[in-house]
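Spelled out, the chains give:
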Amino acid sequence: MSQGNIRSVRNYIRISLLLLILPLLYLLLWLSIQGNEGLTYFEQVQQLMSYFPESMRNPFGITLAFFGMSTISAVFGIYGYLKSEGGYSGVMSLVIFTVAALLAFWFMISLV
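Residues numbered from 1 in each chain as written. Predicted model: local features only at pLDDT ≥ 70, side-chain atom pairs only at ≥ 80, totals over all residues. Heavy atoms only, no water.

Engineer: Looking at this structure, how should I read the confidence of the model for the protein chain?
Structural biologist: Keep in mind that low pLDDT regions are not for reading the predicted coordinates in detail. Of all residues in the protein chain, 99% have pLDDT values of 70 or greater, and the mean over the chain is 92. Across the protein chain, helix H3 (residues 59–83) holds the top mean pLDDT of 95, while helix H1 (residues 3–34) sits lowest at 92. (pLDDT = per-residue confidence, 0-100. Helix = DSSP H or I, 4+ residues; strand = E, 2+ residues; numbered from the N terminus.)

Right, here's the structure in full:
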């Protein structure tokens, strides 16, 4: 594998990971709020939205943004896998792609 190809695969992995951070944190926050069974669904959504600035408190818009981030991360992950020649970077790209695709599916279902 050439040095330039190794750098490009690493960059794809880095971009994919950066794009996955916010959707993963959002999902973990939602799961922790959803664990509180004393709240109704609408109270849970209000509590989740309270973590965002007033101008961004739109559940549909936030979900759409995280769907886009997860989808783009999956694209970079699969492209990094296709550019790699196996080994650690190939496995890492495939794992990132799988996680990103699952998150994109989760957010897509949330939009419906």
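Read on for the rest.
Engineer: In this structure, what is going on with helix H4 (residues 87–111)? I would like to understand it.
Structural biologist: The α-helix winds at 3.6 residues per turn, so residues separated by three or four positions along the chain end up facing the same way. In a regular helix each residue adds 1.5 Å, so 25 residues correspond to 36 Å; H4 covers 36 Å between its end C-alpha atoms and thus fits that length. Every buried residue of H4 is listed here: Ser89, Gly90, Ser93, Ile96, Ala100, Leu103, Ala104 and Phe107. Taken together, the buried residues of H4 touch H1 and H3. (Expected span 1.5 Å × (residues − 1). Buried < 20%, exposed > 50% of the residue type's maximum accessible area, 1.4 Å probe, protein only. Contact = heavy atoms within 4.5 Å.)

Engineer: Help me out: how do you make sense of the environment of Phe52 in this one?
Structural biologist: Topologically, Phe52 is positioned in the loop between helix H2 (41–49) and H3. Separated by 16 residues in sequence, Phe52 and Asn36 place their C-alpha atoms 19 Å apart. Setting aside its immediate chain neighbours within four residues, Phe52 contacts Tyr26, Arg57 and Ile62.

Engineer: Whenever I open this one, the packing of H1 against H4 confuses me. Can you help?
Structural biologist: Helix packing for two helices is described by the angle between their axes and how far apart those axes are. Between H1 and H4, the least distance of the axes is 10 Å, while the angle of their chain directions is 35°. You can see that H1 and H4 cross each other, and the crossing is left-handed. Counting all contacts with H1, which are made through Val9, Ile13, Ser16, Leu17, Leu20, Pro23, Leu24, Tyr26 and Leu27, the residues of H4 involved are Ser89, Met92, Ser93, Ile96, Val99, Ala100, Leu103, Trp106 and Phe107. Its residues assigned to classes, the contact of H1 with H4 comprises 15 nonpolar, three polar and no charged. (Axes fitted to C-alpha atoms, helices over the stretch in contact; angles between N-to-C directions. Left-handed = near helix turned anticlockwise from the far one by under 90°. Nonpolar A, V, L, I, M, F, W, Y, C, P; charged D, E, K, R; others polar.)

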